[in-house]
Amino acid sequence: MPPPSPIPTSGKTLNACEPEEFPQQELPKQQLSDQQLHQPEPLRPSWGGDGSFSLWSGEFQQGFHSGRGALREARETFVDPAQLERLAPGSTVLALDLCVGTGSNTAALLERCSALGLQLQWWGIELDRQPLQLALADAKFQSQWPQQAIEPLRQLSHGDRWQSPLGQGQMFWGDARERLPELLALAAGSCHLVMHDAFSPQRCPQLWSLEFLTGLAQLLLLDGRLLTYSSAAAVRRSLQLVGLQLAAIRHHEPAQQSPGAWSGGTAASPTPLANCKFLRPLAAMEWEHLATNAAEPYRDPDGRASAATILTNRARQQRSRGAEGGVESTSAWRRRWGLEANRIPLQESA
Ligand SMILES: C[S@@+](CC[C@H](N)C(=O)[O-])C[C@H]1O[C@@H](n2cnc3c(N)ncnc32)[C@H](O)[C@@H]1O
């Protein structure tokens, strides 16, 4: 019997009430008045465990960052596992920040490029200007990053490009599904790094579909890396299906890095990723997760489906594969690995 796994902390928000098993369920909007229904749902400032600035999205009912804080998440999940020290000082890193939000991942990336003497050719994709504007208006956010990391964000808050001694960048404001083809026309096959930081697959399945991940994979250099906080089976299986090799991002808490422990996210690359301080091979438990019903990909063939449609179609597909037999149910997998008692959030395992 494998050792029980500790509670994972790689989700945006560890919400065990995520309606994974019945994703077609609606959140209780019926209880809201018509007037409330048509109000844009607000973004609320919040502060993570490390005291850094973050936001809560009323629309997606999810935090922008995990409980440990934006600053730690940016460094531990996105910048450390990129291993930019692989590049010679003076060379240029080509990177995409998908779902820029407050700009924390970009700030951490700029900070690291500066420390390593690297130049940055940056692209960002983001739907909403407000998170960046709210972050830049916050004194805490301003003070948590070096000025040379803040300056490019300031330029983006009122435009769509930045230029600084650290490099240059272009923001694609809008729906990532619409803007990604434009970026592919510029940068296919040339990126060292894609930081995928959308809301969780159950909240924003559009940006985790097999079709969308196919586009992201096409951005990568042969030794480029896509990094994400998500360890969801459907995301990992889709990355595999688009031809990428998988590794687990080591958990940020050393105490949770034992064999069989849950990971701190996923790294994917066209070429195999070596075991190192930040990455490890997937554990047997994680590989078997990819053969369960939870690994059913999110599908969005024409790139225009609503979140509800994608979730409903996936749930239908899961039921029909389950009825055919031949695919293990996620609950059987959880029981087999003794995960019930540890209550892995459904968002990671369903
Ligand atoms: C989890 S937050 C990103 C956190 C961000 N990396 C940060 O450090 O603040 C997800 C972001 O995705 C954006 N978003 C949601 N749907 C999107 C879409 N279809 N296309 C582009 N961006 C989207 C939201 O506006 C939000 O800023």
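Structure: see above.
So, here's what we can say about the structure. (Residues numbered from 1 in each chain as written. Predicted model: local features only at pLDDT ≥ 70, side-chain atom pairs only at ≥ 80, totals over all residues.)

**Some remarks on the overall build of the chain**
And step 1. Summing up its helical and strand segments, the chain has 13 helices and 12 strands in all.
And step 2. Considering only intrachain contacts with a sequence separation of at least 6, the fraction spanning at least 24 residues in the chain is 73%. (Helix = DSSP H or I, 4+ residues; strand = E, 2+ residues; numbered from the N terminus. Contact = placed C-beta atoms within 7 Å.)

**Overview of the site of the ligand**
And step 1. If you check the shell around the ligand, you find 22 residues, and the closest are C99, G101, T102, S104 and L127.
And step 2. When residues of the shell around the ligand are traced back to their parent elements, those giving at least two are α3 (104–116) and β5 (119–126).
And step 3. Counted by class, the shell around the ligand contains 12 nonpolar, 5 polar and 5 charged residues. (Near = placed C-beta within 6 Å. Nonpolar A, V, L, I, M, F, W, Y, C, P; charged D, E, K, R; others polar.)

**A short note on the sheet that holds strand β3 (residues 62–63)**
And step 1. Taken together, 3 strands build an open sheet; the order of strands is β1-β2-β3 and the sheet is antiparallel. Unpaired on one side and paired on the other, β1 (43–47) and β3 mark the two borders of the sheet.
And step 2. Two strands pair when backbone bridges link them, and strand β2 (residues 53–57) and β3 are joined in this way by 2 bridges, in the antiparallel orientation. Residue W56 lies in a different strand from β3, and its bridge partner there is G63. (Pairing = 2+ DSSP bridges.)

**A look at helix α9 (residues 233–241)**
And step 1. Residues of α9 that are buried include every one of A233, A234, V235, R236, S238 and L239, and no others.
And step 2. Packing partners of the buried residues in α9 comprise α8 (210–219), β9 (220–228), β10 (245–249), β11 (266–269) and α10 (284–289).
And step 3. One or two residues past the end of α9 sits G243, with phi positive at roughly 95°. (Buried ≥ 20, exposed ≤ 12 C-beta atoms within 10 Å, placed from the backbone.)

**Description of the sheet that holds strand β7 (residues 167–173)**
And step 1. Read from one edge to the other, the open sheet built from 9 strands follows the order β6-β7-β5-β4-β8-β9-β11-β10-β12, with strand pairing classed as mixed. Edge positions in the sheet fall to β6 (161–164) and β12 (279–280), since each has one partner strand and no second.
And step 2. The strands touched by α3 within the sheet are β4 (92–98), β5 and β8 (191–196), with β5 carrying the most contacts at an inclination of about 175°.
And step 3. Its contacts with the sheet place helix α6 (residues 147–157) against β6 and β7, and it is angled at close to 150° to β6. (Axes fitted to C-alpha atoms, helices over the stretch in contact; angles between N-to-C directions.)

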